[in-house]
Amino acid sequence: MVSVLTLAWQTMRSRLGGFAGAFIAILCGTALVAACGILMESGLRAGVPTQRYAAAAVVVGGAQTVRPPGADALSAEQVGEQPTVPVALAGRIAAVPGVRAAVAEQSFPAQVVARDGQVVGGPESLGHNWDAAVLAPFTLRGGDAPAAAGEVVLDADLARRADVGIGGQVRIITRSGPETLKVSGVVDGTSRQSALFFTPERAAELAGRPGQAHAIGVLADPGAAPETLADRVRAVADGAEVTTGVERSSIEFLDVSQTRMLLLAIAGSFGGFALLVAVFVVASTLALTINQRRREFALLRAIAATPRQIRKLIGTETTLIALVAGLLGSVLGLAVAGGLRDAFAAIGVIPADFGLAISPLPLLAAILLGLGAARLAAWAASRRPSSIRPVEALGEAAVERRELGRGRLLTGWGLVLAGFGGALVPLFLHGDIAAATSSMATLVLVVGLAVVGPQVTALVMRFLAPVLARLWRISGYLAGANAQANARRVAAAVTPLMLAVGFALVTFYGPMATTAAAQQETARSTTADYVLTGAGGVPPGVAEEVRRIPGVAGATPVVRTSVITATSLGDGMEVQRTPAQGLAGDQAAAALELGVDAGRITDLTGGTVALSRAEADWLDKKIGDEVSFYFGDGVPAKLRLVATYTHDLAFGDFVLPVALAREHIGGRLDDSVLVRRQPGADADAVASALRALPYPGLAVAPASVTAAPEGGERQAQFYLNLVAAGVIVGYLAISVANTLVLTTAQRSREFALLRLVGTTRRQVTRMMRLEALTTVGIAVVMGTLVALLPLGLLNIGLRGNPVPAGPLSVYWGIIAGAVLLGMVAIGVATSVALRARPIDAIGLRE
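For every chain, the first residue of the written sequence is number 1, and numbering continues from 1 onward in sequence order. Two thresholds apply to this predicted model, a pLDDT of at least 70 for residue-level local features and 80 or more for giving and counting side-chain atom pairs, whereas whole-chain, interface and lining totals are computed over all residues. Where side-chain values are given, they derive from all heavy atoms of the structure, hydrogens and water being excluded.

Topic: the overall build of the protein
Working step 1: If you tally the helices and strands in the protein, you get 27 helices and 26 strands.
Working step 2: Relative accessibility decides the category of a residue: with a 1.4 Å probe and only protein chains considered, values under 20% of the type maximum give buried, values over 50% give exposed, and everything between is partly exposed. In the protein, which comprises 846 residues, the share counted as buried stands at 53%.
Working step 3: In this description, contact between two residues means that some pair of their heavy atoms is separated by no more than 4.5 Å. Sequence-distant contacts in the protein: of pairs separated by 6 or more residues, those separated by 24 or more amount to 82%.
Working step 4: Accessible surface area values rest on a Shrake-Rupley calculation with a 1.4 Å probe, where residue burial reflects the displayed protein chains alone. With the model as given, the accessible surface of the protein reaches about 35,500 Å², and the carbon-plus-sulfur share is 60%. Put simply, DSSP marks the helices as runs of H or I at least four residues long and the strands as runs of E at least two long, and each gets a number from the N terminus on.

Here you go:
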């Protein structure tokens, strides 16, 4: 073992340049995996400091996840709306030993109107019951607590922004509409949300959730340990969420709870993909590095080194490189995780104040995974040099092996066929599953082409070589001949660049297809003339007032929410959250065309539901059947199916009665109101009447600006994909430059020989530029074709048009970046390789 370790160390010291490529690949791959591990741990343990419940040792709220009977813990789905907890539970908790008091807190949207009639901007503004102020605690800076329904207490920052003082009058908008109240006091305390306090009775009325509360804050007796108290409270909580420490913020802020689940999902999917790409890149780089040492391994085999000794030497070298690169990469992962967190916060996917949880576990896991990936890659790459017979070794070292093994060919072309099959899925399925399948099909195609890359490259160069020779004579002939004779080397450079181009194109244009299809269908399906929106939502009474305006034919409120479905799949259960919306059944037909193909949308009232045709077929439901699912806040539902429709891209898979949808969203507010005017009615008069409604902050716009129901979530997902893709493409770019530099640097002796037989430095440089152009051209064309097939089929399935949706400028930007990267990497490496005198370079080791 000592002799092998010594030999490996001496080899590495004498070949630092050759091992640099593998080192960089493992370093960057480990950094990516470590960053994903940190994000995953943050999803389990991190959060934001609690604010409204700072004085509460324990906070009890509604269950944050839905786990249907029969589903395992990994299948649980995060709620999409704020769950509630029974107010009566506070009495039982108050009787628990160690509890000084248990206070139920109400929380609901409440916006302050400034003197100029505009809603005061700034943080989200929420109303609460005054008796819950003790949980922060919020202390009076001046004035008195609210004693009557017409009084309110504001936090100091909100009072300053509203320019109102104690004893002044302030206009406030809640779900009940606008009303003028007296400011009885001002409290200290800052928060990521502005706070207003009402009397307990008025707060319960404005919250609109009889018998329910946002949370219950538990104040502990002196000396009572929070964890011990939490265990006691959990025993009487009837399945409610019981939290302490930083976990309390997940009850206080819905976005924190959602962020933790989102980080787990991101880290799982992105981390798995990053690990797959890292294995692919490391394997490619190690194979190239080992291939450069064919003469060395041939000599070792000729002097009686056994295959096992060759594999052991390569494994030892790889282990040493992977350990050093892994240690440095895991530290670099801290910076990558921070950068990803900042990027996700910048696009609004996670809260800006959400912190990261740092511990040695993700770093250690990244090192072990990086080491495992490197050893696996080294084992695969070492099979050929360790298995050739000694008699063949020296001949094998002189000429690159041309043919590929039968197993490799079958695997590669099998993956290509599987990728083509996956690309056809969007012709039969729609929605997010179509886009996900399209992206996966692209990846499978790229991997398949990478496996058979030398064969494909040789075939392409058979046609390109004569063209290069005719156009550029000596330099063109040399470039074509080199590429034909070294198809494996060219394929090693083409593959990561092709992967980068294809992955970047699908990541950007794939979600664009889904978004464009949803917007297109929404525009076709919206027959309304106007849409009314508010800064924090629209009070439910607005739609009723709009219908009384002369010239209005109909007005339907729209509530955007989500539902959670559970479907049995074999021995397991699939649990997923899907977009839904609430509509007024008797008014929806006047403003929207859902494409109803069975039943009547006018029957959508009370305990009923309408499903998309695809969802109804999936659940095997017919008109009149009972449909079981969970509302967005986790409350189970059993509703009667009254209609099915075909415009599911525009309206989602579930449409609920608007009153029922309101009951299961935190704010009890509508998202918008769609208005249709009567034929022949004066458009200006109707628009003026809408703008004159006594609701500050209400905006009137043409209904053509209405987005798809899940547009905000889809846009956030799109930006999230861009950030993730940017990191992956950045890693691939490093790999591309790494590979191109390695393949060029190993040719110093070749360049010296060419110059010694009369080829000028300029001709060699031109030859390399042509090779670079050829390499980049093949990668760009193949990457484009690999992405274009799934994208074209996806757009046909969703939009009926094979042309990918999205700006063409992005494509040209991706191509320009690929060309620039390839040309610069090869150009710099060529320039460095040509610095040495030919007579000196010809004597260098390969």
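Points about the environment of L313
Working step 1: For L313, the location among the structural elements is in helix α10 (residues 307-346).
Working step 2: Among the residues examined, L313 registers a relative accessible area of 4% and is labelled buried.
Working step 3: Sequence separation of L313 and L5 is 308 residues, and the distance between their C-alpha atoms is 7.7 Å.

Here's the deal with unusual backbone geometry
Working step 1: Of note, the bond from A136 into P137 is cis; its omega dihedral lies within 30 degrees of zero at -5 degrees.
Working step 2: Within the secondary structure, P137 is located in the loop between β8 (124-129) and β9 (140-143).
Working step 3: Non-glycine residue D620 carries a positive phi angle of around 55 degrees.
Working step 4: With respect to the element layout, D620 can be found in the loop between α19 (613-619) and β22 (626-631).

Considering the packing of helix α25 (residues 761-799) against helix α26 (residues 808-833)
Working step 1: An axis is simply a line fitted to the C-alpha atoms; with a helix, the fit covers only the stretch in contact. Between two such axes, the angle follows the N-to-C directions and lies from 0 to 180 degrees. Where α25 meets α26, the closest approach of the two axes is 9 Å, and the angle between their N-to-C directions is 150 degrees. Overall, the two elements α25 and α26 adopt an arrangement that is roughly antiparallel. Classified by chirality, the crossing of α26 by α25 is right-handed. In contact with R761, M768, R769, A772, L773, V776, V780 and T784 of α25, α26 contributes Y811, I815, A818, V819, G822, M823, I826, T830 and S831. Between 65 and 115 degrees an angle is taken as roughly perpendicular, under 35 as roughly parallel, over 145 as roughly antiparallel, and anywhere else as oblique. When the near helix sits turned anticlockwise from the far one by under a right angle, the crossing is termed left-handed; a clockwise turn instead gives a right-handed crossing.

Observations concerning the pattern of salt bridges
Working step 1: One speaks of a salt bridge when a side-chain nitrogen belonging to Lys or Arg is within 4 Å of a carboxyl oxygen belonging to Asp or Glu. As enumerated under the stated definition, the model contains 21 salt bridges in all.
Working step 2: In this structure, the salt-bridge partner of R92 is D238, at a minimum N-O distance of 2.7 Å. Placement of R92 in helix α3 (residues 89-94) and of D238 in the loop between α6 (226-234) and β16 (241-243) is noted, with a sequence separation of 146 residues between them.
Working step 3: Here D670 makes a salt bridge to R662, at a shortest N to O gap of 2.7 Å.
Working step 4: With relative accessibility at 1%, the residue D670 sits in the buried group.
Working step 5: For R662, a relative accessible area of 16% translates into the label buried.
Working step 6: Connected via shared salt-bridge partners are D157, R160 and R161.

With respect to the pairing of β22
Working step 1: DSSP calls a pair of strands paired once it identifies at least 2 bridges connecting them. As paired elements, strand β18 (residues 552-569) and β22 share two bridges and run antiparallel to each other. Bridging from a neighbouring strand, I564 pairs with Y630 of β22.
Working step 2: With five bridges joining them, β22 and strand β23 (residues 636-645) adopt antiparallel strand pairing. Its bridge partner being in β23, E626 is matched across the sheet by R640.
Working step 3: Connecting β22 to the next strand, β23, in antiparallel fashion are four residues, including G634 with a positive phi near 95 degrees.

Some points on α6
Working step 1: Every buried residue of α6 is listed here: L229, A230 and V233. Projected down its long axis, α6 carries its buried residues within an arc of 105 degrees, all on one side.
Working step 2: The inward-facing, buried residues of α6 contact β1 (58-61), α3, β5 (99-105), β15 (215-220) and β16. The arc in question is traced by the directions running from the helix axis to the C-beta atoms.

Quick notes on the nonpolar core
Working step 1: Put simply, a nonpolar core is a bunch of buried Ala, Val, Leu, Ile, Met, Phe, Trp, Tyr and Cys residues held in one set by side-chain atoms that sit within 4.5 Å of each other. Among the nonpolar cores identified, the biggest contains 100 residues, and V282, F344, I728 and Y731 are the most heavily contacted of them.
Working step 2: The contacts of I728, once residues within four sequence positions are left out, are L32, F270, F273, A274, V277 and F503.

Structural notes on the packing of aromatic side chains
Working step 1: For this analysis, a ring pair means two rings from Phe, Tyr or Trp (six-membered ring only for Trp) whose centres lie within 6.5 Å, classed as stacked if their planes differ by under 30 degrees, edge-to-face if by over 60, and tilted for the remaining angles. Here the structure, examined in full by the defined rule, presents seven aromatic pairs.
Working step 2: Taking the centre distance of 5.7 Å and the plane angle of 40 degrees together, the rings of F108 and F198 count as tilted. Here F108, found in strand β6 (residues 108-109), pairs with F198, found in strand β13 (residues 193-198); they are 90 residues apart in sequence, far enough to count as distant.
Working step 3: Considering the side-chain rings of Y811 and W812, the 5.2 Å spacing of their centres and the 65 degrees angle between planes classify their relative orientation as edge-to-face.
Working step 4: Connected via pairs of aromatic rings, a cluster forms that spans W130, F138 and F197.
Working step 5: Lying over the aromatic face of F253, R192 brings its terminal NZ or CZ to 4.3 Å of the ring centre. To sit over a ring, a charge needs its Lys NZ or Arg CZ within 6 Å of the ring centre and within 35 degrees of the ring normal.

A look at a nonpolar patch on the surface
Working step 1: Candidates for patches are residues over 30% relative accessible area with no salt bridge; among them, like charges are joined within 9 Å and nonpolar side chains (Val, Leu, Ile, Met, Phe, Trp, Tyr) within 5 Å. A surface patch of nonpolar side chains, about 550 Å² in accessible area, is lined by L424, L427, F428, L429, I433 and I796.
Working step 2: Tracing the backbone through its elements, the reader meets L429 in the loop between α13 (406-423) and α14 (432-451).
Working step 3: On the basis of relative accessibility, which here comes to 39%, the residue L429 falls in the partly exposed class.

So, α13
Working step 1: Take the number of residues in a helix, subtract one, and multiply by 1.5 Å to get its expected span. Relative to the 26 Å expected for 18 residues at 1.5 Å per residue, α13 spans 26 Å between its end C-alpha atoms, a close match to the ideal helical length.
Working step 2: All of the buried residues in α13 are G412, V416, G419, G422 and A423. Each buried residue of α13 sits inside an arc of 125 degrees when the element is viewed along its axis, so together they form one side. Residues of α13 that are exposed and point over 90 degrees away from its buried face: R406, L410 and L417.

Considering the environment of A230
Working step 1: Tracing the backbone through its elements, the reader meets A230 in helix α6.
Working step 2: Separated by 172 residues in the primary sequence, A230 and V58 place their C-alpha atoms 6.2 Å from one another.
Working step 3: With near-sequence residues (within four places) excluded, A230 lies in contact with V58, V242 and T244.

Some remarks on the environment of Y811
Working step 1: Its location among the elements puts Y811 in helix α26.
Working step 2: The spacing of Y811 and Y509 is 302 residues in sequence and 9.1 Å in space, taken between C-alpha atoms.
Working step 3: Those residues in contact with Y811 that lie beyond four places of it in its chain are L505, Y509 and T784.

Re the sheet that holds β1
Working step 1: Strand order in the open sheet formed by four strands is β5-β15-β1-β16, and the pairing between neighbours is antiparallel. This sheet does not close on itself; its edge strands, each paired only once, are β5 and β16. On average, each strand axis in the sheet is inclined to that of its neighbour by 20 degrees, with strand direction left out of account.
Working step 2: Strands β1, β5, β15 and β16 of the sheet are contacted by α6, whose axis makes an angle of about 30 degrees with β1.

Description of the packing of helix α9 (residues 294-302) against α10
Working step 1: Axis separation between α9 and α10 bottoms out at 10 Å; the angle between their running directions is 140 degrees. In this structure, the crossing between α9 and α10 has a hand that is right-handed. On α10, the residues touching F297, L300 and R301 of α9 are P307, I310, L313 and I314.
Working step 2: Looking at the contact of α9 with α10 residue by residue, the class counts come to six nonpolar, no polar and one charged. For this classification, Asp, Glu, Lys and Arg are treated as charged, while Ala, Val, Leu, Ile, Met, Phe, Trp, Tyr, Cys and Pro are nonpolar and the rest, including Gly, are polar.

Some thoughts on the side chain of D653
Working step 1: Residue position: D653 is located in the loop between α20 (648-651) and β24 (654-657).
Working step 2: Given the relative accessible area of 18%, D653 is considered buried.
Working step 3: Beyond its immediate sequence surroundings of up to four residues, D653 is in contact with T578, P579, A610, L611, S612, E615, Y645 and D648.

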